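# Examining the three-dimensional arrangement
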Amino acid sequence: AFSSSDAGTHFSWTPAAPDAAAIAEEKQIDSGFLLYNSGDTLVLYDQRGSANEQPELLQLRDRATCHDLHWRVEASPSPELEVLIGFASGELLLWRPLNRRREGGRSPLAALTKESAEL
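Once a new chain begins, its residue numbering starts again from 1 and follows that chain's sequence as written. Per-residue local features are limited, in this predicted model, to residues with pLDDT of at least 70; the limit for side-chain atom pairs, both in listing and counting, is 80 or more; totals at the level of whole chains, interfaces and linings are taken over all residues. Only heavy atoms go into the side-chain values, all of them from the structure, while hydrogens and water stay out.

### What to know about the confidence of the model for the chain
Every residue is assigned a pLDDT by the predictor, reflecting its confidence on a scale from 0 to 100. When pLDDT is averaged along the chain, the result is 77, and 66% of the positions lie at 70 or above. In this description a helix means any DSSP run of H or I spanning at least four residues, a strand means any run of E spanning at least two, and both kinds are numbered starting from the N terminus. The least confident element of the chain, judged by mean pLDDT, is strand β1 (residues 2–6) at 54; the most confident is strand β8 (residues 92–95) at 92.

So this is what it looks like as structure tokens:
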């Protein structure tokens, strides 16, 4: 994954193929997921789909101070895109933005604590 920041707006990119071997075989990777973190809003763009596809939006109650966009490959038979979101308070949230498309409805969002951590 690639990350960058500039004056409060942060972004990350990860390839659409989470398997390292599949990535190594491709000469050029031009599709993936782009995540913008600006203030209290996260926006995930799916670069694999059509131009008409709407991005996934997550409105937060506080400003996110950091995030990590990554694939969780050992979680299930199919890899899962996850976003860890950190706040100045020390709170961490786990967002799985693609689950909404699979299950319909809202994207799952979970607070991570020592008792509930899946990491």
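### Thoughts on the side chain of E80
In this structure, E80 sits in strand β7 (residues 80–87). One polar contact links E80 to N99, side chain to side chain, over a distance of 3.0 Å. The definition of a polar contact used here is a pair of N or O atoms within 3.5 Å, where within protein one atom must be able to donate a hydrogen and the other to accept one, and adjacent residues in sequence count solely through side-chain atom pairs.

### Here's the deal with the environment of G49
Residue position: G49 is located in the loop between β4 (41–46) and β5 (56–59). Between the C-alpha atoms of G49 and G32, which are 17 residues apart in sequence, the distance is 9.5 Å.

### Looking at the packing of aromatic side chains
Any pair of Phe, Tyr and Trp rings, taking the six-membered ring for Trp, is counted once the centres come within 6.5 Å. Such a pair is stacked with planes under 30 degrees apart, edge-to-face with planes over 60 apart, and tilted for the rest. Summed over all chains, the structure comprises three aromatic pairs. With a centroid separation of 5.8 Å and an interplanar angle of 70°, the aromatic rings of F33 and W71 are classed as edge-to-face. Of this pair, F33 sits in strand β3 (residues 32–38) while W71 sits in strand β6 (residues 64–72), and the two are 38 residues apart along the sequence. The same class applies to F33 and to W71, which are both buried. A ring pair is formed by Y36 and Y45, whose centres lie 6.0 Å apart and whose planes are at 90°; its orientation type is edge-to-face. Relative accessible area decides the class of each residue, using a 1.4 Å probe on protein chains only: under 20% of the type maximum gives buried, over 50% gives exposed, and in between gives partly exposed. Of the residues examined, Y36 reaches a relative accessible area of 35% and is grouped as partly exposed. The structure contains a cluster of three or more aromatic residues connected by ring pairs, namely F11, Y36 and Y45.

### Focus: the side chain of E82
Inspection of the secondary structure assignment puts E82 in strand β7. Residue classification places E82 among the buried residues on the basis of a relative accessible area of 1%. One polar contact links E82 to R96, side chain to side chain, over a distance of 2.8 Å. Other than its neighbours up to four places away in sequence, E82 contacts D68, L69, H70, R72, L94, W95 and R96. Here a residue-residue contact requires only that any non-hydrogen atoms of the pair lie within 4.5 Å.

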